[in-house]
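Descriptive analysis of the structure
Each chain, written out:
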Amino acid sequence: MRKELGLLNIICIIVALGFVGMAVVSVISSGDFLTTDNLFIITVSLLMALMFAINPLLYLKSEGRLPLPGRKKSLAAPAGSGEWGQIRSQPAPPLLDSKGRAVPPDVRAIINRLDSHKEAQKAQ
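Residues numbered from 1 in each chain as written. Predicted model: local features only at pLDDT ≥ 70, side-chain atom pairs only at ≥ 80, totals over all residues. Heavy atoms only, no water.

**Some remarks on the overall build of the protein**
When you go through the protein residue by residue, the secondary structure sums to three helices and zero strands. Secondary structure elements in the protein, listed N-terminal to C-terminal, are α-α-α. Considering the protein as a whole, with its 124 residues, one finds that 10% of them fall into the buried category. Relative to all contacts within the protein whose residues are 6 or more apart in sequence, the contacts with residues 24 or more apart total 37%. Carbon and sulfur atoms provide 66% of the accessible area of the protein, an area that totals close to 10,800 Å². (Helix = DSSP H or I, 4+ residues; strand = E, 2+ residues; numbered from the N terminus. Buried < 20%, exposed > 50% of the residue type's maximum accessible area, 1.4 Å probe, protein only. Contact = heavy atoms within 4.5 Å. Areas by Shrake-Rupley, 256 points an atom, 1.4 Å probe, with all protein chains shown as cover.)

Structure (structure tokens):
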């Protein structure tokens, strides 16, 4: 699966570079730059390049290999110490539904967000 994903990302990058090259060739080879046809070809070429480049960029971001400017990496505190940045030393007790089953993590995140909004409204 990893090799297939890498191959698809490489193909997307090559196609995106091809569309950027097509826009550059259109700019260089045209005598008059501001014609409707030329601007349309450049716009469509750059839009297609963006469409093919977005998937590899999102993949790199999800893997943590794409450095984003203006965003600092968070420092992880050592486990078990009460230093800054550590939210809690023990895992939260399991949240149970009405039948006693464990609630999935995504539902737990939604409930935590709703609880934080309720506390913020009470504080006002």
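Now, onward.
**Quick look at helix α1 (residues 2-29)**
Over its 28 residues, α1 runs 40 Å from end to end, which matches the ideal 40 Å to within 8%, given 1.5 Å per residue. Listed in full, the buried residues belonging to α1 are Asn9, Cys12, Ala16, Ala23 and Ser26. Along its buried surface, α1 packs onto α2 (36-63). (Expected span 1.5 Å × (residues − 1).)

**Considerations on the environment of Ile14**
Structurally, Ile14 is set in helix α1. Along the chain, Ile14 and Phe52 lie 38 residues apart, while their C-alpha atoms are 8.8 Å from each other.

**Observations concerning the confidence of the model for the protein**
If pLDDT is low for a region, its predicted coordinates should not be looked at in detail. Summing up the model confidence of the protein, the mean pLDDT is 82 and the portion of residues at 70 or higher is 82%. Mean pLDDT across the elements of the protein ranges from a minimum in helix α3 (residues 105-123), with 82, to a maximum in α1, with 95. (pLDDT = per-residue confidence, 0-100.)

**What about the packing of aromatic side chains?**
For the structure on display, the rule yields one aromatic pair. Seen from their ring centres, Phe19 and Phe52 are 6.0 Å apart, and the 20° between their planes marks the pair as stacked. Placement of Phe19 in helix α1 and of Phe52 in helix α2 is noted, with a sequence separation of 33 residues between them. A relative accessible area of 23% places Phe19 in the partly exposed class. (Phe/Tyr/Trp six-rings, centres within 6.5 Å; stacked < 30°, edge-to-face > 60°.)

**Remarks on α2**
In this model, α2 (28 residues) spans 41 Å end to end at C-alpha, consistent with the 40 Å of a helix rising 1.5 Å per residue. The axis of α2 is deflected most strongly, by about 30°, at Ala53, and proline Pro56 appears within four residues downstream. Immediately downstream of α2, the backbone of Gly64 shows phi near 80°, a positive value. (Bend = angle between axes of the 7 residues up to and from the residue.)

**Remarks on the side chain of Asn9**
Mapped onto the secondary structure, Asn9 falls in helix α1. On the basis of relative accessible area, Asn9 is assigned to the buried category, the value being 13%. If near-sequence neighbours (up to four positions away) are discounted, Asn9 is found in contact with Asn55, Pro56 and Tyr59.

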